[in-house]
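Next come the chains, spelled out residue by residue.
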Amino acid sequence: MDELSVTWRPSYERSVRLTVEQHLMPSFGGCQLPAVDRRAGMRFRAGLAQRADLSPARVNRIFGLLRTITHEAAERYRLHRPFEHVRALPEQRPRIEALNKSEVDQFLLAVRPNYQTYYLLRFSSGMRTAEVDALAARHVDVSTGTVSVERAVVDGALGPLKNEYAEREVQI
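What this report covers is the structure whose coordinates are included nearby.

What follows deals with the side chain of Arg-9. Assignment of secondary structure puts Arg-9 in the loop between α1 (2–5) and α2 (10–28). We note that Arg-9 is buried and unpaired, the nearest opposite charge coming from Asp-155 at a distance of 8.2 Å. Within polar-contact distance, the side chain of Arg-9 engages the backbone oxygen of Pro-160 at 3.2 Å. Those residues in contact with Arg-9 that lie beyond four places of it in its chain are Ala-152, Val-154, Pro-160, Leu-161 and Lys-162.

This is the structure:
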């Protein structure tokens, strides 16, 4: 894992380590790799899926990490890939109901004045919280009405954007 983590953001590395500690090690920590077969993995995933505190999306991420680990092991030690054709659990997309202009106006009147510009930018731009939190004056071009999204704040630290496609110019 340390070899792969050099490309990860610190927040993702923490997430991976927690998933390994909380879910994978208790179930597979004492197993040799060949014992982590399709049957054991499917039983593990079924157990996760029965838990009310884990959404299908979370179960897919946990199982996806197990799949990544076993695929890496298969590459290194020429083992079988036990989860190669296992499909993800179906995930229900959340229903998002955006506020209308009247509701946005009501909201802006209810927040403290020093937060109104922040929320107006959030409502009008579609920018992520981490992106807005990382803005500096040099990122705003009033003459063209654009904001340059170049970085993000994650876990209180300024860093790179979520992915290469997140860097963009946003019309405001």
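Okay, back to it.
What follows concerns the packing of aromatic side chains. When we look at a pair of aromatic rings, we describe it by the centre distance and by the angle of the planes. Applying the stated rule across the entire model yields 7 aromatic pairs. Judged by centre distance (5.1 Å) and plane angle (90 degrees), the rings of Trp-8 and Tyr-12 are edge-to-face. For the pair Phe-107 and Phe-123, a centre-to-centre distance of 5.3 Å together with 90 degrees between the ring planes defines the contact as edge-to-face. Taken together, the residues Phe-107 in helix α5 (residues 101–110) and Phe-123 in helix α6 (residues 113–125) connect sequence positions 16 residues apart. Classification of Phe-123 as partly exposed rests on a relative accessible area of 36%.

For the rest of this paragraph, the subject is a nonpolar patch on the surface. Together, Leu-33, Tyr-77 and Leu-79 make up a nonpolar patch on the protein surface, roughly 290 Å² of accessible area in all. Considering the arrangement of structural elements, one finds Leu-79 in the loop between α4 (56–77) and α5. The exposure class assigned to Leu-79 is partly exposed, which follows from its relative accessible area of 35%.

Here we take up the pattern of salt bridges. A complete count under the given rule lists 11 salt bridges for this structure. The partner of Glu-3 in a salt bridge is Arg-76, and the shortest N-O contact between them spans 2.1 Å. Here Glu-3 is found in helix α1, whereas its partner Arg-76 is found in helix α4, with 73 residues between them in sequence. The exposure class of Glu-3 is exposed, given its relative accessible area of 57%. Residue class for Arg-76 comes out partly exposed when judged on its relative accessible area of 44%. In this structure, Asp-53 engages Arg-51 in a salt bridge whose closest nitrogen and oxygen atoms are separated by 2.7 Å. Three or more residues joined by partner-sharing salt bridges are found here, namely Glu-3, Glu-72 and Arg-76.

Reading the values: the criteria
Residues numbered from 1 in each chain as written. Predicted model: local features only at pLDDT ≥ 70, side-chain atom pairs only at ≥ 80, totals over all residues. Heavy atoms only, no water. Helix = DSSP H or I, 4+ residues; strand = E, 2+ residues; numbered from the N terminus. Buried < 20%, exposed > 50% of the residue type's maximum accessible area, 1.4 Å probe, protein only. Lys, Arg positive; Asp, Glu negative; His and termini not counted. Salt bridge = Lys/Arg side-chain N within 4 Å of Asp/Glu carboxyl O. Polar contact = N/O pair within 3.5 Å; in protein donor to acceptor, adjacent residues only side chain to side chain. Contact = heavy atoms within 4.5 Å. Phe/Tyr/Trp six-rings, centres within 6.5 Å; stacked < 30°, edge-to-face > 60°. Patch = residues over 30% accessible without salt bridge, like charges linked within 9 Å, V, L, I, M, F, W, Y side chains within 5 Å. Areas by Shrake-Rupley, 256 points an atom, 1.4 Å probe, with all protein chains shown as cover.

All quantities given are derived from atomic positions and should not be read as evidence of function.
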